[in-house]
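# A look at the structure
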Amino acid sequence: MINKNYMIDLCNQIFKDMGRYPTGKVTPLEDINGCLSIITLKITNKIISINQPYIFPYIGYFQLLQASDTFIIYDDVNFIKQGWVQRNRVAHKEEPILFTIPLSKPSQNNLINETLIHESYAHWKQKFQKSLTHCYGQTNSEVHNLVDSILISCKPGDSIDKLCRNALYQIKDYLQADWTIVDSSSVYNNSNLKGPDRIIDICQQEQATHYVNAIGGIELYNPENFKSKNINLQFIKKGCLSNNLSILDSLFRFQPCEIRAFLDDYQLIEADKCPE
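Just so it is clear, the model here is predicted, and its values are computed rather than measured. (Residues numbered from 1 in each chain as written. Predicted model: local features only at pLDDT ≥ 70, side-chain atom pairs only at ≥ 80, totals over all residues. Heavy atoms only, no water.)

Looking now at the nonpolar core. With 78 residues, the main nonpolar core has Phe 56, Tyr 211 and Leu 251 as its most contacted residues. Of the residues forming this core, the biggest block, eight residues, is contributed by helix 6 (residues 160–175). Each residue touching Leu 251, except ones within four places of it in the same chain, is listed here: Asn 140, Val 143, Leu 146, Ile 171, Tyr 174, Leu 175 and Ile 259. (Core = buried A, V, L, I, M, F, W, Y, C linked by side-chain atoms within 4.5 Å. Buried < 20%, exposed > 50% of the residue type's maximum accessible area, 1.4 Å probe, protein only. Helix = DSSP H or I, 4+ residues; strand = E, 2+ residues; numbered from the N terminus. Contact = heavy atoms within 4.5 Å.)

If you want it as structure tokens, here you go:
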């Protein structure tokens, strides 16, 4: 006979993984059938999210990875000069400091995966590593080594999305996370589509039941367009760690187990329940 308390604990963890109850605390379920129905829901749902590649993005980006069964790197869309593909922020004495990876003739007429790292990258890399030491000290050698491993994985002439992708994979290994990551350019063959039409097509190709987006993108999508294709549109809201600094700030300040807890501290909000 299946132990009821075991089933309730399992459902609590499932709720937490789904982001509905970030603390993992839910009202105890009254019967095993309720538990089984939730387990079935978790198994039959497929959640995906899609985002451009960013270098060392903020923790909300990683919460999207955590919330998704499949995370798609949107690498074959146009580069945005004032976006966050090649830049982010760390902190020195609580003050944000912007860093920017040098690119070779970046243009919004080019795709992200066509945008290349500049020949001055080696010099920039040395300055950046010194800057990190200045901001966070030398004590966390493991994270300094992680950053060094990421930065040396690319060279001038490589695409910026390659560096962003390498960073995601190495941070994934460092955190011992279980993320499935796919490049949009390598699978879906739908670059002729634009905007929400392309997002929905990727959802359909993935047989996704849910599409999760950062909450800052509420105005970009009409929930009815997704609902008509049997896709549930949701938005992710960060929890207690609310700063928008690069993940590097958290990597230097916290242990991997603490960061994994931050990654589970989010809420998924149905599109029709989001504030206007």
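There is more to say after this.
Residues of helix 5 (residues 141–151) that are buried include every one of Val 143, His 144, Leu 146, Val 147, Ile 150 and Leu 151, and no others. Taken end-on, helix 5 shows its buried residues confined to a sector of 160 degrees, consistent with a single buried face. Turned more than 90 degrees off the buried face of helix 5, the exposed positions are Glu 142 and Asn 145. Buried residues in helix 5 make contact with helix 4 (121–136), helix 6 and helix 10 (247–253). (Arc of directions from axis to C-beta.)

Moving on, we get to the pairing of strand 1 (residues 47–51). Consecutive side chains along a regular strand alternate between the two faces of the sheet. Burial analysis of strand 1 places five of its five residues in the buried class, the great majority of the element. The alternating pattern of strand 1 places Ile 47, Ser 49 and Asn 51 on one face and Ile 48 and Ile 50 on the opposite face, and all of these are buried. Bridge count between strand 1 and strand 8 (residues 210–214): two bridges; the pairing is parallel. Residue pairing for strand 8: Ile 48 is matched across the bridge by Tyr 211. In this structure, strand 1 lies alongside strand 2 (residues 70–73), joined through four bridges in parallel fashion. Looking at the pairing, Ser 49 lines up with Phe 71 of strand 2. On the question of chirality, the crossover connecting strand 1 to the parallel strand 2 by way of helix 3 (residues 59–67) is right-handed. (Pairing = 2+ DSSP bridges. Right-handed = clockwise from strand over helix to strand, strands pointing away.)

Despite not being glycine, Gln 207 shows a phi value in the positive range, around 55 degrees. Relative to the helices and strands, Gln 207 resides in the loop between helix 8 (195–205) and strand 8. Here Asn 230, not a glycine, exhibits a phi torsion of approximately 60 degrees, which is positive. Tracing the chain through its elements places Asn 230 in the loop between helix 9 (223–227) and strand 9 (232–238). On the basis of relative accessibility, which here comes to 68%, the residue Asn 230 falls in the exposed class.

The relative placement of two packed helices comes down to the angle between their axes together with the axis-to-axis distance. The interhelical angle for the contact between helix 4 and helix 5, taken along N-to-C directions, is 165 degrees, at an axis separation of 11 Å. Looking at the two axes, helix 4 sits roughly antiparallel to helix 5. In the packing of helix 4 onto helix 5, the handedness of the crossing is right-handed. Where helix 4 approaches helix 5, its residues Tyr 121, Trp 124, Lys 125, Phe 128, Gln 129, Leu 132 and Thr 133 are matched on the opposing element by His 144, Val 147, Asp 148 and Leu 151. By residue class, the composition of the contact of helix 4 with helix 5 is six nonpolar, three polar and two charged. (Axes fitted to C-alpha atoms, helices over the stretch in contact; angles between N-to-C directions. Parallel < 35°, antiparallel > 145°, perpendicular 65-115°, else oblique. Left-handed = near helix turned anticlockwise from the far one by under 90°. Nonpolar A, V, L, I, M, F, W, Y, C, P; charged D, E, K, R; others polar.)

Looking now at the environment of Lys 125. For Lys 125, the position within the fold is in helix 4. With 24 residues separating them in the primary sequence, Lys 125 and Ile 101 have C-alpha atoms 8.4 Å apart. Setting aside residues up to four positions removed in sequence, Lys 125 forms contacts with Leu 151 and Ile 152.

Side chains Thr 70 and Ile 72 project from strand 2 onto one buried face, and the interleaved Phe 71 and Ile 73 project onto a second face that is buried too. Of the strand pairs in this sheet, strand 2 and strand 7 (residues 181–183) are connected by three bridges, and their pairing is parallel. Each bridged residue has a counterpart across the sheet, and for Ile 73 the counterpart in strand 7 is Asp 183.

This part is about the side chain of Arg 87. Along the polypeptide, Arg 87 turns up in strand 3 (residues 87–92). Here Arg 87 sits buried without a salt bridge, and the closest side chain of opposite charge, Glu 95, lies 16 Å off (N-O distance). Within the structure, Arg 87 has its side chain in polar contact with the backbone oxygen of Gln 82 (distance 2.8 Å). Engagement of the side chain of Arg 87 in a polar contact is seen with the backbone oxygen of Gly 83, the distance being 2.8 Å. Those residues in contact with Arg 87 that lie beyond four places of it in its chain are Ile 55, Gln 82, Leu 98, Phe 99 and Thr 100. (Lys, Arg positive; Asp, Glu negative; His and termini not counted. Salt bridge = Lys/Arg side-chain N within 4 Å of Asp/Glu carboxyl O. Polar contact = N/O pair within 3.5 Å; in protein donor to acceptor, adjacent residues only side chain to side chain.)

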